[in-house]
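Residue-level listing of the chains:
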Amino acid sequence: MNTKVDKKELAANAQGSKKEFVACSNSLRAGVFIGFGLLLIIIGLVLSRSPEVVKEGFHVLLTSNIHLDTSSFDIIGSPGVGVPFIGSGILGIIVMVSYLLTKTEVKGSTIASAFMVMGFAFCGKSFLNVWPTFFGVLLQGAVKKKKVNTVMGLAWFSTALSPLVNTVAMYTVLDGTNTMAESLQISLVRILVACVVGMLAGFLIATFAEFLPTKHNGFTLYNAGFAAGLTGFLFFSFMRAAGIGHSGPSHVYTDDKDLLLASCLAIMMLYLLVCGLVLRKKDKAALGELVLARRKGCFVDQYGFGTSLVNMSLCGFLCLLYPFLTTTGHINAPVFACLLTVVGFASNGITLKTMAPIMLGVYAQSVLVGGIKGALSGAQFLQSGLSYAGSKNMVIAACFGCGMSPVVTEHGYLIGFLGAMIHSMLVPNTGVLHGWLNLYNNGFCLGLVATFFVPLLLQLMQMVKKSENRI
């Protein structure tokens, strides 16, 4: 199915993986992202009206009943719109400091992990609820006698189940009725139980993450999201079976901040772009080699840190444009999270060339299915389809779906396009499986698609080829 050009790219990929362009020191790379965290804090302080607003905003943020897609902007309210930026920046700096203290290399997956932490600080994570699962992964690493710097990235990835910690610590009702507390129910015992549960979840995520790549053949970049989804599914099933209270989140989004939030994202991407252009003078690879490549692996090793930063910025700008290109999309907290996720993984497998067929696949599916749904209800097909294409779920699926980039790299644009269509149909329905406790729901869904549906598509394509050869 691949063309001659595709084969050349794959051959170049094999050769490129042997090269290492690491002229920038590890401390310099960490410093760039510490600067990114400081930029987020500065943006947050500028948007905040007073120290009192920041204080009250953090109190609400740290004690709220958060689940998948819960918007920090809307929990806190308009006066505290800057607080999530401050929280995200603090978390980003904490991650980078942890890398420096443990001598963890800042490249590829560890960069992606840091950006997922910062992104989901806008809809689920805080600098309090991330620690139980984090230490659970470190515990698993200690049991298996792994070096700390080899598990730090996964430890931060495991914070996908941060909502589990909040739910157990503050909103769980142990009365066998499966109802959730209406108000804050916090105590020392609940906090201790939440810490134990969170550490156990982190331990299981680390265990799942070790063998799952053999199941999905590396077709998804979000291996930790798949592991977190399975762990969340296990815990939620136990909670429901035991009658422990848990209910779905309240999805409330105000869409009156598009210009403000888009401007903040643009500033963040410009920071990465400028840093990349300055630092790429030390790189030996041409910028176009990466931006228009179909490659796998750590781009920092293959192309250099500066070039990777430029690619991260450009991929971020494309994700930022997508909601506006749909004409009905908006910028909100979940979109913030998925955009920063793509930016992080643009150092470890995502390029503009692999993003395009995936985004087109999600867009085509959403217009088609949305149009059919509208037509069945008596509305206009095209208008309904275009409206659905700009919905939160579909915008997120289009950006997060880029985690399927290895499929495009190895098997071409058509399989990536079809896989993205399947992903965008499934992902609105997978949150209920883990009780909305896994923030990386798209990663969980992509794991299912990569494990079951991509191999099915490949088998079907082989059958079609065989039938054509017979004819």
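Residues numbered from 1 in each chain as written. Predicted model: local features only at pLDDT ≥ 70, side-chain atom pairs only at ≥ 80, totals over all residues. Heavy atoms only, no water.

J.: Where do I start with the nonpolar core in this structure?
T.: Note that soluble globular proteins tend to have their nonpolar side chains buried in a common cluster. Of all hydrophobic cores here, the largest spans 125 residues; its most connected members are F33, F85, F115 and M268. With near-sequence residues (within four places) excluded, F33 lies in contact with M96, V106, I111, F115, L272, F305, L309 and M312. Membership of the second largest hydrophobic core comes to six residues, among which are V54, F58, I76 and V83. (Core = buried A, V, L, I, M, F, W, Y, C linked by side-chain atoms within 4.5 Å. Buried < 20%, exposed > 50% of the residue type's maximum accessible area, 1.4 Å probe, protein only. Contact = heavy atoms within 4.5 Å.)

J.: How should the environment of M359 be read in this particular structure?
T.: As for its position among the elements, M359 is in helix α18 (residues 352-376). We classify M359 as buried; its relative accessible area is 6%. For the pair M359 and F417, spaced 58 residues apart in sequence, the C-alpha to C-alpha distance is 7.9 Å. Not counting residues within four places of it along the chain, the set of residues in contact with M359 comprises L318, C319, Y322, A398, C399 and C402. (Helix = DSSP H or I, 4+ residues; strand = E, 2+ residues; numbered from the N terminus.)

J.: It is not clear to me how the environment of A121 should be interpreted in this structure. Could you clarify?
T.: In this structure, A121 sits in the loop between α6 (108-119) and α7 (131-143). The class of A121 is buried, set by a relative accessible area of 2%. Considered as a pair, A121 and F85 are 36 residues apart in the sequence and their alpha carbons are 8.1 Å apart. Not counting residues within four places of it along the chain, the set of residues in contact with A121 comprises S72, G87, S88 and L91.

J.: Just checking my understanding: could you explain the environment of C264 for this structure?
T.: Positionally, C264 belongs in helix α13 (residues 258-279). Judged by its relative accessible area of 5%, C264 is buried. Put simply, C264 and I43 are 221 residues apart on the chain and 7.4 Å apart in space, counted from C-alpha to C-alpha. In this view, C264 contacts I43, L47 and F85; residues no more than four positions away in its chain are not counted.

J.: Whenever I open this one, the packing of α13 against helix α16 (residues 305-325) confuses me. Can you help?
T.: Two numbers describe a pair of packed helices, the interaxial angle and the distance between the axes. Between α13 and α16, the least distance of the axes is 7 Å, while the angle of their chain directions is 160 degrees. In terms of orientation, α13 lies roughly antiparallel with respect to α16. The handedness of the crossing between α13 and α16 is left-handed. Contacts between α13 and α16 involve D258, A262, L265, A266, M269, L270, L272, L273, C275, G276, L277 and L279 on the former and, on the latter, F305, G306, L309, V310, M312, S313, G316, F317, L320 and F324. (Axes fitted to C-alpha atoms, helices over the stretch in contact; angles between N-to-C directions. Parallel < 35°, antiparallel > 145°, perpendicular 65-115°, else oblique. Left-handed = near helix turned anticlockwise from the far one by under 90°.)

J.: Teacher, can you tell me more about the side chain of S424 here?
T.: If you trace the backbone, S424 turns up in helix α22 (residues 413-426). Take S424: its relative accessible area is 1%, and that puts it in the buried class. A polar side-chain atom of S424 sits 2.9 Å from a polar atom in the side chain of Q365. Sequence-distant contacts of S424, defined by excluding residues within four places in its chain, comprise V362, Q365, M394 and A397. (Polar contact = N/O pair within 3.5 Å; in protein donor to acceptor, adjacent residues only side chain to side chain.)

J.: Is there a simple way to explain the packing of aromatic side chains in this structure?
T.: The description of two aromatic rings rests on the distance between their centres and on the angle between their planes. Per the stated rule, a full pass over the model turns up 24 aromatic pairs. Ring centres of F33 and F115 lie 5.5 Å apart, and the angle between their planes is 85 degrees; this geometry places the pair in the edge-to-face category. One end of the pair, F33, is in helix α2 (residues 26-47); the other, F115, is in helix α6, with 82 residues separating them in the sequence. Overall, the relative accessible area of 1% leaves F33 in the buried class. When its relative accessible area of 0% is taken as the criterion, F115 is described as buried. On the basis of an interplanar angle of 45 degrees and a centroid distance of 4.4 Å, the ring pair of F134 and W156 is categorised as tilted. Residue F134 is located in helix α7, and its partner W156 is located in helix α8 (residues 152-157); the two are separated by 22 residues in the primary sequence. The pair F134 / W156 is uniform in exposure class, with both members buried. Taken together, the ring pairs in this structure connect F120, F157, Y222, F345, F400 and Y440 into an aromatic cluster. (Phe/Tyr/Trp six-rings, centres within 6.5 Å; stacked < 30°, edge-to-face > 60°.)

J.: Sorry, what's going on with the pattern of salt bridges here?
T.: Opposite charge on two side chains allows them to pair when their charged atoms are near. Tallied over the entire structure, the rule returns five salt bridges. Ionic pairing is found between E105 and K107, a salt bridge with its closest N-O pair at 3.5 Å. For K107, a relative accessible area of 17% puts it in the buried group. Each of the salt bridges in this network shares a partner with another, and the network as a whole consists of E105, K107 and D301. (Salt bridge = Lys/Arg side-chain N within 4 Å of Asp/Glu carboxyl O.)

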